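Understanding the architecture of this molecule
As a plain string of letters, each chain reads:
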Amino acid sequence: MNTFISLWKEETNQTFETVIEKSKLVLQLIEKMKLMLLETPSYNLRDKDIIQYEGSILQLQELLHLKFNIATEILLRQASTLADLDTGNMEKTIQDENVTLYVWANLKKNPRYRSVRFSNTKTGFEIPKILATSDIALRLLHTHFDHVTPLHAVPAPPVQRVPAGTELFKGEAKSAPEALNREDPEDAKPQGRGSVFIQEGEIHGDEQGDAEVQMADVRSRPSYQKPAREVGVQEFGNCSAHVSCLSYQRWAVSPGVAMVAAMRHGGGSRGGGVQEHLPITASTCRSTCPSLRPHLLAVLRYLLKVIADISTLSLLGNDEILSQSQATGRLQVTHLTVLQTCEDFANLQQLGFPVDVTLMAAVKKDSKATEGELEMKLLSESVAEAQLDLIRNAPEKPEFSENKEVDLCQFMILGGVYHLDILELPPQCKPVKGWIMVEILKEGLQKFTYPPEITEDFETENAYPPIEVTLQVQDKVTFFEEPTVARWDAEGKYWRTDGISDVYYTPEDRVISFCLETFGPVTLMQDTHINMPYQSWELRPLDVNKVLLIVTTVLTEIQIQIQENLCMLSSIKVKDKEHSSVLEGKWMTPIPFIIALKETGLNIFPTAYSHFYVIINNKVPLVEMKAYRQMALLSSAFAFGWSKWNMLCNSTNVVFKMRERLTNELHEIPHWTLFMFNGDRAQRLKINEDSESFSEALGEGTEFHSTLFHMVKDLASKEAIERVRRSSCQLIDSVCYMLLSTRVLSYS
């Protein structure tokens with residue numbers, strides 16, 4: 001990337017057509033880097049990578065605009081040779097799929113020629129007399145993209161970098177401190193004699209030569225380290241064991257093998273002990289609960305039973321150990337290490353520890369299985385966290401400094417940016433004895449200041465009136481109401497609406513005109529939430545691994561086809577009339593497809609701040625996410641639809657219509673059935689859509705189930721269940737992503 005930027009900087013004297021051609025590659029690079037930042041989950045992005053990518057994007061944007069300015073200067077030097085025969089002024093239009101350039105050079109300086117209209121377009125200017133007699137050029141550079149607004153104009157809501165997954169897998173995925181605290185209410189207080197008492201405290205510097213336990217928390221990032229802990233003295237009758245945990249870094253995996261170096265003293269004496277190295281299997285370790293306690297209990301069981309000669313152990317309640325006989329002697333545990341791989345055994349062998357070969361083989365076998373299980377669990381939690389991020393509502397609305405500053409959470413830019421500039425006409429090329437001579441100014445292209453910074457107050461209104469601008473609105477953009485015109489404040493780095501007057505929009509001709517006090521970047525905006533909330537929605541299977549999502553709003557009906565990992569705009573109706581779009585028939589992956597729909601004005605994708613601007617039927621994010629996942633899983637054989645009862649149930653439940661749909665023949669499609677789901681329990685409701693009142697009563701002949709999939713297994717045909725089982729993973733993922741992005745359960 002750096003090489004590309006450096007080499008392009010060195011290229012000089014490029015024409016505007018050459019720059020436009022090169023800009024296609026630049027825009028592709030910018031788009032790819034933006035997609036990489038969007039498609040990568042936040043917890044997998046390193047800060048330095050984000051800074052590097054965003055830095056490269058800014059460099060490319062600035063360099064592209066610089067090249068446009070240089071190419072404009074080269075073009076204006078030739079204005080006299082390109083002059084129109086009728087007017088004597090130069091008029092030039094260069095059009096491309098991403099950029100359109102309109103340039104007019106005032107060569108004749110005729111005070112009567114004040115209306116500028118570009119040939120075969122409706123774009124033009126009405127300039128005052130002072131500009132009509134000045135040595136100037138007018139440039140309108142319409143970029144169909146926005147490189148003016150900062151990348152982070154809207155502050156991003158706080159995102160958890162560590163995939164929590166605790167909400168999704170509650171009861172299983174608890175943090176280590178939480179697990180220790182919730183293990184048993186009775187553990188918080190000292191137990192009686194013969195019980196287990198584990199106490200946490202601070203580590204002491206003189207104990208750093210004691211035991212180490214290294215553990216990996218699957219819910220933590222690789223570099224994350226938890227504070228050191230010390231597990232205090234456990235007393236069993238006349239026997240005690242002291243274990244220090246100095247390196248509590250990451251909770252490793254499930255049942256491991258512990259190597260214990262123990263010092264045993266006979267008869268209560270402190271001298272003459274014999275040190276024993278004992279390999280033991282921590283078979284009672286629970287992988288789903290990342291706490292230190294299960295490992296220690298497993299070690300203590302073995303020590304008490306084998307070394308201290310306690311004949312019987314009784315396991316009561318929550319892994320609580322009670323000794324049924326008296327222990328003799330004292331036992332001091334000096335080292336405790338959780339072994340994960342066979343390499344750990346090999347290292348211990350080199351240090352002279354006796355290692356059981358059968359244990360090595362068992363660890364090798366178990367470690368592979370455990371690694372796969374944990375990898376799947378980590379992936380599942382990471383995906384769940386990323387999906388929750390899509391539907392979490394921001395806790396606070398962003399603040400904007402001035403009244404005239406445009407709220408970019410409420411308004412969105414459509415149709416790109418119109419760069420309006422009044423330029424000083426550079427020296428013209430002159431033919432001299434077969435040569436073309438031109439004076440090249442060192443400072444390059446210069447802007448003409450209008451109105452002047454210092455003027456007499458009584459002259460300003462009459463001598464420097466606003467300039468009337470007429471723009472042609474892009475065909476691919478859909479405005480459902482009169483656009484909001486905004487201008488860029490270069491000093492404050494935001495869009496504002498003051499300094500603009502006499503706005504008039506003709507929707508039939510797609511032309512907008514307005515008066516502008518000062519020139520600069522201008523854009524057209526529309527209410528981001530003009531199509532929210534939705535009136536209804538439906539998710540309908542079309543074929544194997546092919547689904548149709550229909551979202552109906554007050555102004556439009558949008559139909560989106562989803563096939564495998566691709567999406568396509570199937571059709572669109574505006575005010576019940578068919579409406580054409582450049583996106584129809586184009587297959588794209590979900591994220592580029594959503595961006596493309598937004599850029600054309602068809603926005604049905606709420607943001608984290610949308611709930612501040614739209615009255616919504618807010619649902620608990622975890623419940624909403626689980627519902628979308630279940631709907632996506634069944635989408636290839638079952639249709640889902642909006643229900644009015646979803647607004648009457650509480651935020652912890654969602655209600656929707658569902659029916660089996662294996663064919664498009666209307667007479668073979670069963671009637672809608674209402675279902676309610678709260679994330680942990682699915683049920684068929686007794687009421688229907690036409691009932692007089694809402695009731696959570698269970699449908700006759702049905703029962704509660706933990707998921708929708710298990711619910712429909714009791715009701716659906718074998719063909720439907722088989723189609724669900726044969727559904728493509730890519731289809732399920734794409735449908736789920738579109739449902740999470742549209743949030744039909746909360747915004748309908």
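Everything below is about the structure shown above.
Everything in this summary refers to the structure shown in the same document.

Rules used throughout
Residues numbered from 1 in each chain as written. Predicted model: local features only at pLDDT ≥ 70, side-chain atom pairs only at ≥ 80, totals over all residues. Heavy atoms only, no water. Core = buried A, V, L, I, M, F, W, Y, C linked by side-chain atoms within 4.5 Å. Buried < 20%, exposed > 50% of the residue type's maximum accessible area, 1.4 Å probe, protein only. Helix = DSSP H or I, 4+ residues; strand = E, 2+ residues; numbered from the N terminus. Contact = heavy atoms within 4.5 Å. Expected span 1.5 Å × (residues − 1). Bend = angle between axes of the 7 residues up to and from the residue. Pairing = 2+ DSSP bridges. Axes fitted to C-alpha atoms, helices over the stretch in contact; angles between N-to-C directions.

Within the largest apolar cluster, 64 residues are counted, with the highest numbers of intra-cluster contacts made by Ile560, Leu634, Phe638, Phe640, Phe656 and Met738. No other element matches the 8 residues that helix H11 (residues 621-634) contributes to this core. The contact partners of Phe656, leaving out residues within four places of it in the chain, are Trp537, Phe640, Gly641, Ser643, Thr673, Leu674, Phe675, Phe677, Leu708 and Leu745. In terms of nonpolar packing, the next biggest core, distinct from the first, is built from 33 residues, Val116, Phe125, Ile136 and Leu524 among them.

Okay, helix H2 (residues 16-39) next. What sets the pattern is the α-helix's 3.6 residues per turn: residues three or four places apart point alike. Between its terminal C-alpha atoms H2 stretches 34 Å, which fits the 34 Å expected from 24 residues at 1.5 Å a residue. Bending of H2 peaks at approximately 25° at the position of Ser23. Within the span of H2, buried status applies to Phe16, Val19, Ile20, Lys22, Ser23, Val26, Leu27, Ile30, Met33, Leu35 and Leu37. At its buried positions, H2 is contacted by helix H1 (2-10), helix H3 (47-77), strand E1 (90-95), strand E2 (99-105), strand E5 (136-143) and helix H10 (590-599).

What follows concerns unusual backbone geometry. Tyr450 connects to Pro451 through a cis peptide bond whose omega is -10°. By the element assignment, Pro451 lies in the loop between strand E16 (435-437) and helix H9 (457-463). Following Met532, the chain continues into Pro533 via a peptide bond in cis, with omega recorded as -5°. Relative to the helices and strands, Pro533 is located in the loop between strand E22 (521-527) and strand E23 (536-543). Here Arg510, not a glycine, exhibits a phi torsion of approximately 55°, which is positive.

The next subject is the sheet that holds strand E29 (residues 654-660). Spatial strand order, E27-E26-E25-E24-E23-E28-E29-E30-E31: 9 strands in an open sheet with antiparallel pairing. Unpaired on one side and paired on the other, strand E27 (577-578) and strand E31 (682-684) mark the two borders of the sheet. Bridging between strand E26 (residues 566-574) and E27 involves 2 bridges; their strand directions are antiparallel. Of the residues in E27, the one forming a bridge with Val574 is Lys577. H10 contacts strand E25 (556-563) and E26 of the sheet and is inclined by roughly 25° relative to E26.

Across a sheet, strands are paired by hydrogen bonds formed along the backbone, either parallel or antiparallel in direction. Strand order across the open sheet formed by 5 strands is E3-E4-E17-E21-E20, with antiparallel pairing between neighbours. Looking at strand neighbours, the two that pair on one side only are strand E3 (115-117) and strand E20 (500-506), the edges of this open sheet. Across the sheet, the axes of successive neighbouring strands diverge by a mean angle of 10°, strand direction being ignored. Here 3 bridges tie E3 to strand E4 (residues 124-126), and the two strands are oriented antiparallel to one another. Bridge pairing links Val116 to Phe125 in E4.

What follows is about the pairing of E23. Direction of pairing for E23 relative to strand E24 (residues 546-552): antiparallel, over a ladder of 7 bridges. What sits directly across from Pro541, in E24, is Val547. Sheet analysis places E23 next to strand E28 (residues 638-641), joined by 2 bridges and oriented antiparallel. By the bridge assignment for E28, Leu539 is matched with Phe640.

Any link to function would need more than the numbers given here.
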